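Examining the three-dimensional arrangement
Below are the chains, spelled out letter by letter.
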Protein chains: 2
Amino acid sequence: MKLYELSLSEGRTVSPFVWRARFCLAHKGLEAERIPISYHDKDQLVFSGQDRVPVLVDGDMVVSDSWKIACYLEEAYPERPSLFGSAAGQGTGLMINKFCDHVLLGSMFLLCTPGTYDVTQDEDKPYFAQSRQEWTGMTIEDIRSMEAEALKRVRSSLEPIRQTLAEQAFLSGDTPAFTDYCVMGGFMWARTTYAPQVLEPDDPVEAWRQRMLDLFDGMGRKTLSLEA
Amino acid sequence: MKLYELSLSEGRTVSPFVWRARFCLAHKGLEAERIPISYHDKDQLVFSGQDRVPVLVDGDMVVSDSWKIACYLEEAYPERPSLFGSAAGQGTGLMINKFCDHVLLGSMFLLCTPGTYDVTQDEDKPYFAQSRQEWTGMTIEDIRSMEAEALKRVRSSLEPIRQTLAEQAFLSGDTPAFTDYCVMGGFMWARTTYAPQVLEPDDPVEAWRQRMLDLFDGMGRKTLSLEA
């Protein structure tokens, strides 16, 4: 099994989508060889019919998109711990995935983009800055100047998550599953690209984040991070 | 089994929380005697130790709060169709519940409050207006003047739901379950208090809402509504 990842300077894994896939693989107890891809060698992904990471290769199967990878793992490895628990859990998982993409990563984008630029290899920096300017109309420095507002937006967008974690240990209940990994992807992006603390120390989300960093022999904690 | 409901003029059931409980009961194939409560006779709820609807009475059990009612029904009637499908689905259900309360009902509040005032019994209108002014600092007419902005906010807050329903028939997958009922509660509030269409006709959320209105022999469709 191979997982194609975005890899930035010093081999940093920053993509929230790659992190979702890595957590889902770990939950299933599966190991994949990690294949690093830089912005400048995306043509290595041509075989997948698209140009974004993560891409999972499992024998003859090629699956891109972190949501589809989670669904594939659930279907292909039903005897291993379930990511969703049930069909209703999987259905709701898609809504969680959309919430994470649209609301949570939407707010994280402003916070994490300047640091992602900083850890992008020098040869890819012009591409990275230009593509973000095309999406947003802002330069990296414009976005960097919005840090205080971005932090406020991230903390505010976490409110339903915060209220949930005030009542239970994980977003999926007593033990972690897909919902947790989906949200944690965003926090791994922050951990690898943003040095200050995203969360107040007494935020229930912070206690959960620490529990998530401990999972799978500290997989998230051990990664090269900018976090203090 | 008895369900204490908020009942406004002509017996209208407007509370999104009551509607969540009604849909959950119907999903389990359970019938409860519906006990109407007005704002001025909330003292009928004293036995429940709090003053909000819905309250479910099942033999000796008294359960208030729509989330706790859903969890109670799941635990007490495990042989009937599951609301969550699994422990992971139930865990994630709490996050869905918090999202609905905080984000969706937060945006629906401005849209539905003026119409809720209009269908509140005359003797309760002063209490209703004053309590909303204490919460928001705005009069009913202040809130009514914000209709266009409120509609925009509601439609925007639905984005993760819209994207999910572009890919599957129900928020819980192929068939409806708790996640659908939780979101639908908000739309039942709108249906009973807001005459204009909340959704564009080609919005995937609108097609889903129509499917939800058909469920359980048209339970939602048959209720006294303001919708054209």
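Residues numbered from 1 in each chain as written. Chains lettered and ligands numbered in written order. Predicted model: local features only at pLDDT ≥ 70, side-chain atom pairs only at ≥ 80, totals over all residues. Heavy atoms only, no water.

All names here are of chain A. Most of strand 1 (residues 2-6) sits inside the fold, with four of its five residues counted as buried. Here strand 1 pairs with strand 2 (residues 33-37) via five bridges, running parallel. In the sheet register, Lys2 faces strand 2, and the bridge partner there is Glu33. Taking the sense of rotation as the criterion, the β-α-β connection linking strand 1, helix 1 (residues 16-27) and strand 2 turns out right-handed. Two elements, strand 1 and strand 3 (residues 55-58), share three bridges in a ladder whose sense is antiparallel. From the neighbouring strand, Lys2 faces strand 3, where its bridge partner is Val57. (Buried < 20%, exposed > 50% of the residue type's maximum accessible area, 1.4 Å probe, protein only. Helix = DSSP H or I, 4+ residues; strand = E, 2+ residues; numbered from the N terminus. Pairing = 2+ DSSP bridges. Right-handed = clockwise from strand over helix to strand, strands pointing away.)

Between chain A and chain B, the contact holds 28 residues from the first and 28 residues from the second. Summing both partners gives a buried area of about 2300 Å² for chain A against chain B, and 68% of it is carried by carbon and sulfur. Contact with chain B buries area across many residues of chain A, yet Thr92, Met95 and Lys98 of chain A alone supply 26% of it, more than any other trio. Taking the shortest distance from any N to any O, the salt bridge between Lys98 of chain B and Glu167 of chain A comes out at 2.5 Å. (Contact = heavy atoms within 4.5 Å. Buried area = accessible area lost by both parts, 1.4 Å probe. Salt bridge = Lys/Arg side-chain N within 4 Å of Asp/Glu carboxyl O.)

All right, on to the confidence of the model for chain A then. Scored by pLDDT, chain A comes out at a mean of 96, with 100% of its residues at no less than 70. Taken together, the chains of this predicted complex give a pTM of 0.96 and an interface ipTM of 0.95. (pLDDT = per-residue confidence, 0-100.)

Residue and element names in this part refer to chain A. As summarised here, the arrangement of the four strands in space is 2-1-3-4, forming an open sheet in which the pairing is mixed. Here the strands that pair on one side only, and so sit at the sheet edges, are strand 2 and strand 4 (61-64). Put simply, the sheet's adjacent strands are angled 20° from each other on average, direction ignored. Each of strand 1, strand 2 and strand 3 touches helix 1; the most contacted strand, strand 1, lies at about 150° to it. Contacting strand 1, strand 3 and strand 4, helix 2 (residues 66-76) runs over the sheet at an angle of about 135° to strand 4. (Axes fitted to C-alpha atoms, helices over the stretch in contact; angles between N-to-C directions.)

To continue, consider the sheet that holds strand 3 (residues 55-58) of chain B. Strands in a sheet are paired, the pairing made by backbone hydrogen bonds, and the direction either parallel or antiparallel. Residues and elements named next belong to chain B. One open sheet accounts for four strands, arranged 2-1-3-4; its pairing is mixed. At either end of the open sheet lies a strand with only one pairing partner, and these are strand 2 (33-37) and strand 4 (61-64). This sheet shows a mean twist of 20° between the axes of neighbouring strands, independent of strand direction. The strands touched by helix 1 (residues 16-27) are strand 1 (2-6), strand 2 and strand 3; relative to strand 1, the strand with the most contacts, the crossing angle is about 150°. Its contacts with the sheet put helix 2 (residues 66-76) on strand 1, strand 3 and strand 4, and the angle it makes with strand 4 is roughly 140°.

This next bit is on unusual backbone geometry. Peptide bonds are mostly trans, and most non-glycine residues show a negative phi. Looking along the chain, the bond that leaves Val53 of chain A and enters Pro54 of chain A is cis, with omega of 0°. Following the sequence through the fold, Pro54 of chain A ends up in the loop between strand 2 and strand 3. For Phe216 of chain B, which is not a glycine, the phi torsion comes out positive at approximately 55°. Assignment of secondary structure puts Phe216 of chain B in helix 9 (residues 204-222). Judged by relative accessible area, which is 30%, Phe216 of chain B ranks as partly exposed. Residue Asp217 of chain B is not a glycine yet carries a positive backbone phi of 60°. In this structure, Asp217 of chain B sits in helix 9. Overall, Asp217 of chain B belongs to the exposed group, its relative accessible area being 62%.

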